Amino acid sequence: MFVTISALALFGVLLALLIRFKAVGIGAAAVAVLFGFYLSRTGAAGSIDQIMTALSGAVRDLGK
């Protein structure tokens with residue numbers, strides 16, 4: 001759960017920065033948010049969560 005909240009915050013800040021610096025327009029941002037919302041409701045959500053958990057564990061282990 002902690003990784004999910006951190007990833008959500010990271011991607012939210014990244015999306016906000018892209019909008020701020022006009023790298024992504026409002027329409028594209030809305031599509032990105034809707035895509036993420038609908039993707040989380042599919043069967044792929046579990047696999048994506050496992051991949052992100054494995055990546056965060058690998059990054060955490062690099063510091064040791």
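Here the structure is shown first, and the text comes after it.
Fair warning: this is a prediction, and the values are worked out from it, not measured in the lab.

Per the secondary structure count, the protein includes three helices and zero strands. Taking 2.2 N^0.38 as the reference for a compact globule, 64 residues should give roughly 11 Å; the C-alpha atoms of the protein span a radius of gyration of 14 Å, well beyond that estimate. When the backbone C-alpha atoms are referred to their principal axes, the protein occupies close to 40 × 30 × 15 Å. With the model as given, the accessible surface of the protein reaches about 5300 Å², and the carbon-plus-sulfur share is 76%.

Below, the discussion takes up a nonpolar patch on the surface. Together, Leu10, Phe11, Leu14 and Leu18 make up an exposed nonpolar region whose accessible area comes to about 370 Å². For Leu14, the position within the fold is in helix α1 (residues 2–20).

One non-glycine residue, Lys22, adopts positive backbone phi at about 55°. Examined against the element boundaries, Lys22 turns out to sit in the loop between α1 and α2 (26–39). Taking relative accessible area as the criterion, Lys22 reaches 70% and is therefore assigned exposed.

Turning next to the environment of Ser47. Along the chain, the position of Ser47 falls in helix α3 (residues 44–62). Taking relative accessible area as the criterion, Ser47 reaches 40% and is therefore assigned partly exposed. Each C-alpha atom of the pair Ser47 and Arg60 lies 20 Å from the other, and the pair is 13 residues apart in sequence.

This paragraph deals with the environment of Met52. In this fold, Met52 is placed in helix α3. In this structure Met52 comes out as partly exposed when scored by relative accessible area, which is 28%. For the pair Met52 and Thr42, spaced 10 residues apart in sequence, the C-alpha to C-alpha distance is 16 Å.

How each quantity is defined
- Residues numbered from 1 in each chain as written.
- Predicted model: local features only at pLDDT ≥ 70, side-chain atom pairs only at ≥ 80, totals over all residues.
- Heavy atoms only, no water.
- Helix = DSSP H or I, 4+ residues; strand = E, 2+ residues; numbered from the N terminus.
- Rg over C-alpha atoms; globule rule 2.2 N^0.38 Å.
- Areas by Shrake-Rupley, 256 points an atom, 1.4 Å probe, with all protein chains shown as cover.
- Patch = residues over 30% accessible without salt bridge, like charges linked within 9 Å, V, L, I, M, F, W, Y side chains within 5 Å.
- Salt bridge = Lys/Arg side-chain N within 4 Å of Asp/Glu carboxyl O.
- Buried < 20%, exposed > 50% of the residue type's maximum accessible area, 1.4 Å probe, protein only.

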